[in-house]
Every structure is written in structure tokens, then in C-alpha cells.
Amino acid sequence: MAELPNIGKHCSVGSCKLLDFLPFACDGCKKIFCSEHRVKDVHCCSSEYISKATGEFSGVKGYDCSLLGCKKRELTPIMCEKCRLSFCLSHRHEVDHNCSKLEKTDTTTSVSRTAEHVKTILESKTGESSKRRQGVKNAKMAAKVSLMKMKMKSLGDPGCPEAERVYFQVYPPLECQKPEQPLYFSKKLRLFSADTGALLATDCDIGCMVQQELVFSGSPVILEYVDSSCVELQDLIQYKVSR
């Protein structure tokens, strides 16, 4: 039988090499394959993979954020309903991208003025409270110093127990024409203060007034004849001048 050496071709797949009388030529890699390996995916066509690897997407690759200085991009547009510009997730709200259509109010000035007003009120309250505390503290310290001197020369009822005694530098009524005198009284009595000229409370005893720091043991007081309507003495200097 005669040989037919030029009829058919071998498959290009190295593990196959089948002689096929009706071979297939791949339109991608231009090689010859048998009927089993003719499909590009089966013989791993090189042109197919090269095409897939080098293929470029021709559509929109992303949407830049419209805020100046922001370099973020999003796959889908995020539109602002007011200015109709696209922004990233971080700047999608009107306040975050300083939207030009956003109603601008002078909130900063308003807030700062309110804060200033509150600060002024707090400072004034703190200052007044501090002055009151400082005044009470100074008066209390001065009374303690005076108390030590008063105990040595004060007059009072000797039968009054020491624990009940309260000491005052007493200025008598102007009509008496007598100098002031350190005296001690029982805490059960009611008296008037002389530092401010104001009438002291008459609904509690001396012990209660000392406890509430309305007066201190060692403070000066004034005894005066006044009408029931009088609540404050005006000219305190008259009581303190030498008589």
C-alpha cells in the first residue's frame, strides 16, 4: 500500500500530537489542532489570554469628588440635591462640602455672643461669691483677734456659763454719751449688728446667729433706741467717734 506522507497534520498540543486528516487551524494562535483540541479554551490559546490580560475598560472608571483638595473617587456618582455636584461619601452632605446653595446663617457670631454672655454672668457670680466669702473670712478673722483682747477686760454677768458667753464690742446709744465697752452676753439673748448698721434678725437667739455667721463672737454691735419700722442705722460713724 502506498504511503501518503503529505496528507493530514499533527495536533500542536505536546501531549497529543495526533495525526488528523482534517485538522483545525486556530484563528487566534494560527496553530493546528485535532478535533479534540480545536477549542481555544481547551488548547489554552495564547492569543485569547493575551487579549484578556491586555484588554482595557473603555467605560467611566470613577467619579471624582467635586470638593477642592479632595482626591477621593467613587464608582457611582453621589449627587448633592442642592448644588447638583458629585461628591465622595465623606463630603456628600451639604455642610461637609460647604454647599453654595446652603442657607448661610451667622451661627458662629450668635454662638460666640451667647458664650460670651454666659461667661460674663458666670464670672460676675463667681466674683460676687468670692467677695462675699472673702468678706466673711476677713470679718471672722478680725473678730477672733478682737475676742482674745475682749476676754481680758470685758464685763458681763459672772454667773453666765463660759460655754454660753458671746463677746461684743458694744457701742451704747448716742444719748448715753458713754464710750464703747467690751461686754459678753448669753447666747440666749437677741442683738443687733454694727458692721453694716442693719437690724439683726429677732426671730432667733444669739447662738443661732453665730452659727449662721450673721455675726461673730468678737464683732462690734450697736444698742440703740429705734422705732419698730427702723431696719437700718444710717450714720454709723457717730457711734465710733471718741466720746
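These figures come from a predicted structure and were not determined experimentally.

**Q** I tried to follow the overall build of the protein chain on my own but got confused; where do I start?
**A** From N to C terminus, the protein chain includes four helices and nine strands. When the elements of the protein chain are put in sequence order from the N terminus, they spell out β-β-β-β-α-β-β-α-β-β-α-β-α. Relative to its 243 residues, the protein chain shows a buried fraction of 25%. Long-range contacts, defined here as pairs at least 24 residues apart, represent 36% of the contacts in the protein chain between residues at least 6 apart. Summed over its atoms, the accessible surface of the protein chain is roughly 18000 Å², and 55% of this surface lies on carbon and sulfur atoms.

**Q** What exactly am I supposed to notice about the packing of aromatic side chains here?
**A** The geometry of an aromatic ring pair is captured by the separation of the ring centres together with the interplanar angle, meaning the angle of the planes. Tallied over the entire structure, the rule returns one aromatic pair. Pairing Tyr-167 with Tyr-184 gives two aromatic rings, centres 5.6 Å apart and planes at 55°, and the pair type is tilted. Taken as a pair, Tyr-167 in strand E7 (residues 165-171) and Tyr-184 in strand E8 (residues 181-186) lie far apart in primary sequence, 17 residues in all. Of the residues examined, Tyr-184 reaches a relative accessible area of 9% and is grouped as buried. One Lys or Arg, Arg-165, reaches over the ring of Tyr-184 and ends 4.1 Å from the middle of that ring.

**Q** Looking at this structure, I do not really get the nonpolar core. What am I missing?
**A** By size, the foremost hydrophobic cluster in this structure holds ten residues: Val-166, Phe-168, Val-170, Phe-185, Leu-200, Cys-204, Ile-206, Met-209, Val-215 and Val-221. For this core, the elements supplying multiple residues, two or more each, are E7 and helix H3 (206-211). The element contributing the most residues to this core is E7, with three residues.

**Q** How should the sheet that holds strand E9 (residues 220-222) be read in this particular structure?
**A** Where strands meet in a sheet, backbone hydrogen bonds hold them as pairs that are either parallel or antiparallel. Pairing within the open sheet is mixed, and its three strands lie in the order E8-E7-E9. Each edge of the sheet is formed by a strand with only one pairing partner; in this case those strands are E8 and E9. Averaged over all pairs of adjacent strands, the angle between their axes in this sheet comes to 50°, without regard to strand direction. Examined bridge by bridge, E7 and E9 share three bridges and lie parallel to one another. Across the sheet, the residue bridging to Tyr-171 is Ile-222, located in E9.

**Q** Please clarify how the pattern of salt bridges should be interpreted in this entry.
**A** Pairing between side chains becomes possible if they bear opposite charge and their charged atoms approach one another. In the structure shown here, the tally under the stated rule is three salt bridges. Two residues, Arg-73 and Asp-64, come together in a salt bridge whose shortest N-O distance is 2.8 Å. Assessed through its relative accessible area of 48%, Arg-73 is described here as partly exposed. Glu-162 serves as the salt-bridge partner of Arg-165, at 3.4 Å between the closest nitrogen and oxygen. On the basis of relative accessible area, Arg-165 is assigned to the buried category, the value being 18%.

Thresholds, definitions, all that
Residues numbered from 1 in each chain as written. Predicted model: local features only at pLDDT ≥ 70, side-chain atom pairs only at ≥ 80, totals over all residues. Heavy atoms only, no water. Helix = DSSP H or I, 4+ residues; strand = E, 2+ residues; numbered from the N terminus. Buried < 20%, exposed > 50% of the residue type's maximum accessible area, 1.4 Å probe, protein only. Contact = heavy atoms within 4.5 Å. Areas by Shrake-Rupley, 256 points an atom, 1.4 Å probe, with all protein chains shown as cover. Phe/Tyr/Trp six-rings, centres within 6.5 Å; stacked < 30°, edge-to-face > 60°. Lys NZ or Arg CZ within 6 Å of the ring centre and 35° of its normal. Core = buried A, V, L, I, M, F, W, Y, C linked by side-chain atoms within 4.5 Å. Pairing = 2+ DSSP bridges. Axes fitted to C-alpha atoms, helices over the stretch in contact; angles between N-to-C directions. Salt bridge = Lys/Arg side-chain N within 4 Å of Asp/Glu carboxyl O.

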